[in-house]
Amino acid sequence: MSGYRRRGALIAALLGFFIVMLDTTVVNVALARIGGDLGAPVASLQWIVDAYTLVFAVLMLPGGHLGDRIGRRRVLIIGLLGFAVVSLASALTTSIAVLIGLRALLGVCAAMVFPATLSLISTIFNGTGHHALAVGLWAATAGLGIALGPVVGGLLLQYFAWPSLFGINIAIVLPVAAASPFLVPESRDDHPGRFDAVGMGLAIACLGLLVGSLIEGPQIGWTTPLILGGFAASAALAGAFIARERRVDRPPLDLSLFRAAGVATCTATIGLAFFCLFGFTFAITIYFQAVRGYSALQAGLAILPFAAVMGVCSPLAPVLARRLGIGRCIPLGIALMGVGFWIVSFADAANPYWAVMVPAMVLMAVGLALAQGPATDIILSAAPRDEIGVASGVNDSVREIGGTIGVAVLGSILTHVYRGRMAEAASGAPSAAGDSIMAAQQVADALPGAAQRTALRTAAGDAFLSALHLNCLILTGAALAGSALIALGLARRGRSPR
């Protein structure tokens, strides 16, 4: 395969992957406008985001397995075309229920595109000496897509209505789908064996109950029978899935992958990194808009330093990993993320953006680049060539599930602390002000006196900052403790074959 075609295939795969990651955050800044136009309650607005994430996370393992069986390029093109069709329907709908259903269908298409891109890149660059660099660029695209989502969303909303957020999908995926047959070589598992429908069904049900319980836990209550039952059923299904995989000749997930040196540790690294990143991004977007008073576009632009540094550092991470060694590079990256979270714990409503947020985001971006690319490379390198799609699906599922847990857990803590602080500081305020800082600002706008409005806004801002600081300290502790454990796990990593 010529170098020209290899580079063209890489660009096509990265663009398809970029739009999938962009859609995880691009609608966040438009939820208020969508709710106003479609008359949607807050719970429905949350499901606009969660429907995509839930289906995306649950179906990535089957998506990777499907690519291994029928062809990774074919699955990529089908996923891209489906993404375009569903995006067009999303832009035209006038029903919140239909929009939520269409977001779930977008998740199905994303679950086909996501693992196909990584497995194709790994296959195309296998044995070329540029495998780690290509995976590093793929990792950079993940960070860029997540970070640029609010920027692109805010920019489009500045000039267009919310359906334009789905129009950008069509503008990108259709040219990529048209070029892929000419640029991207086909690859598949030459000996796929019989399709294990039972094992795949157990995997989907297990992940669906787990992620669904995590999403609904903060709203329904973590200790309610429904949520506890969901976790228990998920654990039982996981046990049944593992038992099934050990008996099948060609299982959808080869569990021996996790016995390869460093794979389990690197899988945990990916989950921890995105637990921290998604949890932090969820809280900091609210901080910029509700505490600092930024517009949707300004809030998106405020996260731009993270995207820029991530884009620069990710391709350099493989070089640094070769010099420092994987056992030092990955733990160092997670530790740097922890330091960045610690700096944000000093943020308030008035301190300079360039003095606190920019240094913190630079450290987070450098840390994520150092950890994510090398860890992903180890996971893919441990998989046989025929099972690269499944390894990609595992890597991607862990990424999304880690992020979902981060938003659910840290969002729950944020809400709990905010409500407790507001109950103490603004006992005479309307009860709606204690639900969220955005609700408190709406209540404040309706108060008759300027002094009352200022007092309520100040109390709400202080309550939110207390919750944000606690979240950042929790993330700092999780990252630093995780860094130490990852270093211990990688210290035993050898070069022995799988």
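Each chain has its residues counted from 1, following the order in which its sequence is written. Given that this is a predicted model, residues contribute local features only at a pLDDT of at least 70 and side-chain atom pairs are listed and counted only at 80 or more, while totals for whole chains, interfaces and linings are drawn from all residues. Based on all heavy atoms of the structure, the side-chain values leave hydrogens and waters out of the count.

> Where do I start with the overall build of the protein chain in this structure?
Looking only at helices and strands, the protein chain has 18 helices and zero strands in total. At 22 Å, the protein chain has a C-alpha radius of gyration in line with the 23 Å of a compact globule built from 498 residues. Once the C-alpha set of the protein chain is aligned to its principal axes, its extents read approximately 75 × 50 × 50 Å. Calculation of accessible area relied on Shrake-Rupley with a 1.4 Å probe; when residues are assessed, cover is drawn exclusively from the protein chains displayed. Only carbon and sulfur atoms are counted for the fraction: they give 67% of the accessible area of the protein chain, which is about 19,500 Å². For the protein chain, the distance from the average position of its 30 positive side-chain charges to the average position of its 22 negative side-chain charges is 8 Å. Put simply, DSSP marks the helices as runs of H or I at least four residues long and the strands as runs of E at least two long, and each gets a number from the N terminus on. Our radius of gyration looks at C-alpha atoms and nothing else; its globule reference is 2.2 Å times the residue count to the power 0.38. This count recognises Lys and Arg as positive and Asp and Glu as negative, with His and chain-terminal groups excluded. Here the site of a charge means atom NZ of a Lys, CZ of an Arg, CG of an Asp or CD of a Glu.

> Would you explain the nonpolar core in this entry?
The nonpolar side chains of soluble globular proteins are, as a tendency, buried together. Side-chain atoms within 4.5 Å are what join buried Ala, Val, Leu, Ile, Met, Phe, Trp, Tyr and Cys residues into a set we call a nonpolar core. Buried means the residue's accessible area, taken with a 1.4 Å probe over protein chains only, is under 20% of the maximum for its type, while exposed means over 50%, and partly exposed covers the values in between. Grouped together as the largest cluster of nonpolar side chains are 143 residues, with contacts concentrated most on Tyr287 and Met357. Working rule for contacts: check all heavy atoms of both residues, and any pair within 4.5 Å makes them a contact. Excluding residues within four positions of it along the chain, Met357 makes contact with Phe280, Ile284, Tyr287, Phe288, Val344 and Ala347.

> Can you help me understand the packing of aromatic side chains in this one?
When we look at a pair of aromatic rings, we describe it by the centre distance and by the angle of the planes. Between rings of Phe, Tyr and Trp, where Trp is taken as its six-membered ring, a pair exists when centres lie within 6.5 Å; planes separated by under 30 degrees are stacked, by over 60 edge-to-face, and by other angles tilted. Enumeration according to the criterion identifies 13 aromatic pairs in this entry. Note on Phe288 and Tyr294: the rings are 5.5 Å apart at their centroids and 5 degrees apart in plane angle, and the pair reads as stacked. What makes Tyr294 partly exposed here is its relative accessible area of 21%. Taking 5.1 Å as the distance between ring centres and 90 degrees as the angle between the ring planes, the aromatic pair formed by Trp342 and Phe346 counts as edge-to-face. You can call Trp342 partly exposed: its relative accessible area is 42%. Following the ring pairs from residue to residue traces out a cluster consisting of Phe17, Tyr52, Phe56, Phe114 and Trp138.

> Could you clarify how one ought to interpret helix 6 (residues 131–159) in this entry?
Between its first and last C-alpha, helix 6 extends 41 Å over 29 residues, near the 42 Å set by a 1.5 Å rise per residue. The seven residues ending at a residue and the seven starting there each receive a fitted axis; the angle between those axes is the bend at that residue. Approximately 40 degrees is the largest bend angle found in helix 6, and it occurs at Leu148, with the proline Pro150 only one to four residues beyond. Counting buried positions along helix 6 gives 21 out of 29 residues, so the element sits mostly inside the fold. A helix is expected to span 1.5 Å for every residue after the first.

> I'm lost on the environment of Ala463 in this one. Help?
As for its placement among the helices and strands, Ala463 is situated in helix 18 (residues 450–491). On a C-alpha basis, the gap between Ala463 and Gly449 in space is 21 Å, while along the polypeptide they are 14 residues apart. Among all residues touching Ala463, those that are not within four sequence positions of it are Tyr418, Arg421 and Met422.

> Is there a simple way to explain the environment of Met422 in this structure?
For Met422, the position within the fold is in helix 16 (residues 388–425). The sequence separation of Met422 and Ala30 amounts to 392 residues, and the corresponding C-alpha distance is 27 Å.

> Honestly, the confidence of the model for the protein chain in this entry has me stumped. Any pointers?
In low-pLDDT segments, the atomic positions of the prediction should not be examined closely. Every residue is assigned a pLDDT by the predictor, reflecting its confidence on a scale from 0 to 100. Averaged over every residue, the pLDDT of the protein chain is 83; the share at 70 or more is 91%. With pLDDT under 50 throughout, residues 494–498 is counted as low confidence; its partners more than four residues away or in other chains account for eight contacts.

> Just to check I follow, could you spell out the side chain of Thr281 for this structure?
Checked against the element boundaries, Thr281 lands in helix 10 (residues 263–291). Here Leu277 takes part through its backbone oxygen, which lies 2.8 Å from a polar atom of the side chain of Thr281. For the purposes of these results, a polar contact is taken to be a pair of N or O atoms within 3.5 Å, where, inside protein, one atom must be able to donate a hydrogen and its partner to accept one; residues adjacent in sequence count only when each atom of the pair is a side-chain atom.

> Before we go on, may I ask you to explain the packing of helix 13 (residues 317–324) against helix 14 (residues 326–344) in this structure?
How two helices sit against one another is set out by the angle between their axes and by the gap between those axes. Direction vectors running N to C along helix 13 and helix 14 enclose 125 degrees, while the axes themselves pass 6 Å from each other. Here helix 13 lies oblique to helix 14, going by the angle between them. Contacts from Ala317, Ala321 and Leu324 in helix 13 reach Ile326, Arg328, Cys329 and Leu332 in helix 14. Asp, Glu, Lys and Arg are counted as charged, while Ala, Val, Leu, Ile, Met, Phe, Trp, Tyr, Cys and Pro are counted as nonpolar; the rest, among them Gly, fall into the polar class. A breakdown of the residues in the contact of helix 13 with helix 14 according to their chemical character gives six nonpolar, no polar and one charged. Axes here mean lines fitted to C-alpha atoms, for a helix over just the part in contact, with angles spanning 0 to 180 degrees between N-to-C directions. For classification purposes, angles smaller than 35 degrees are called roughly parallel, those larger than 145 roughly antiparallel, those between 65 and 115 roughly perpendicular, and all remaining angles oblique.

> Just to check I follow, could you spell out the packing of helix 14 against helix 18 for this structure?
For the pair helix 14 and helix 18, the least separation of the axes is 8 Å and the interaxial angle reads 170 degrees. Between helix 14 and helix 18, the interaxial angle falls into the category roughly antiparallel. Contact residues: helix 14 offers Ile326, Gly327, Ile330, Pro331, Leu332, Ile334, Ala335, Gly338, Phe341, Trp342 and Val344, while helix 18 offers His469, Cys472, Leu473, Leu475, Thr476, Ala479, Leu480, Ser483, Ile486, Ala487 and Leu490. By residue class, the composition of the contact of helix 14 with helix 18 is 17 nonpolar, five polar and no charged.

> Whenever I open this one, the side chain of Asn471 confuses me. Can you help?
Turning to its location among the elements, Asn471 is positioned in helix 18. Ignoring anything within four residues of it in the chain, the contact list for Asn471 reads Leu410, Ile413 and Leu414.

> Looking at this structure, I do not really get the pattern of salt bridges. What am I missing?
Side chains that differ in charge, positive against negative, can pair when their charged atoms come close. The salt bridge definition used is simple: a Lys or Arg side-chain nitrogen within 4 Å of an Asp or Glu carboxyl oxygen. Under the definition given, this model contains two salt bridges. One salt bridge in this structure joins Arg103 and Asp23, with 3.5 Å as the shortest N-O distance. Highlighted residues: Arg103 in helix 5 (residues 96–124) and Asp23 in the loop between helix 1 (3–22) and helix 2 (31–38), separated in sequence by 80 residues. Judged by relative accessible area, which is 0%, Arg103 ranks as buried. A relative accessible area of 1% places Asp23 in the buried class. Residues Asp68 and Arg72 are paired through a salt bridge, measuring 2.7 Å at the closest nitrogen-oxygen approach. The two residues Asp68 and Arg72 agree in class, both being buried.

> What should I look at first to understand a nonpolar patch on the surface in this one?
A cluster of nonpolar side chains, Val339, Trp342, Phe346 and Leu473, forms an exposed patch at the surface whose accessible area comes to about 390 Å². One can find Trp342 in helix 14. Nonpolar side chains (Val, Leu, Ile, Met, Phe, Trp, Tyr) within 5 Å and like charges within 9 Å form the patches, drawn only from residues with over 30% relative accessible area and no salt bridge.

> I would appreciate a short explanation of the environment of Asn351 in the present structure.
Take Asn351: it is sitting in the loop between helix 14 and helix 15 (353–382). Between the alpha carbons of Asn351 and Gly36 there is a distance of 33 Å; along the sequence they are 315 residues apart. Excluding residues within four positions of it along the chain, Asn351 makes contact with Tyr287, Arg292, Phe346 and Val356. One polar contact links the side chain of Asn351 to the main-chain carbonyl oxygen of Phe346, over a distance of 3.0 Å.

> Would you mind showing me how to read the state of the cysteines here?
Each disulfide consists of one covalent bond between the sulfur atoms belonging to two cysteines. Cysteine sulfur pairs qualify as disulfides if the two atoms are within 2.5 Å. Under the counting rule described, the total for this entry stands at zero disulfides. Here Cys266 stays free of any disulfide, with the sulfur of Cys329 as its closest cysteine sulfur at 11 Å. In this model Cys313 remains outside any disulfide bridge; the closest cysteine sulfur is found in Cys329, 11 Å from its own.

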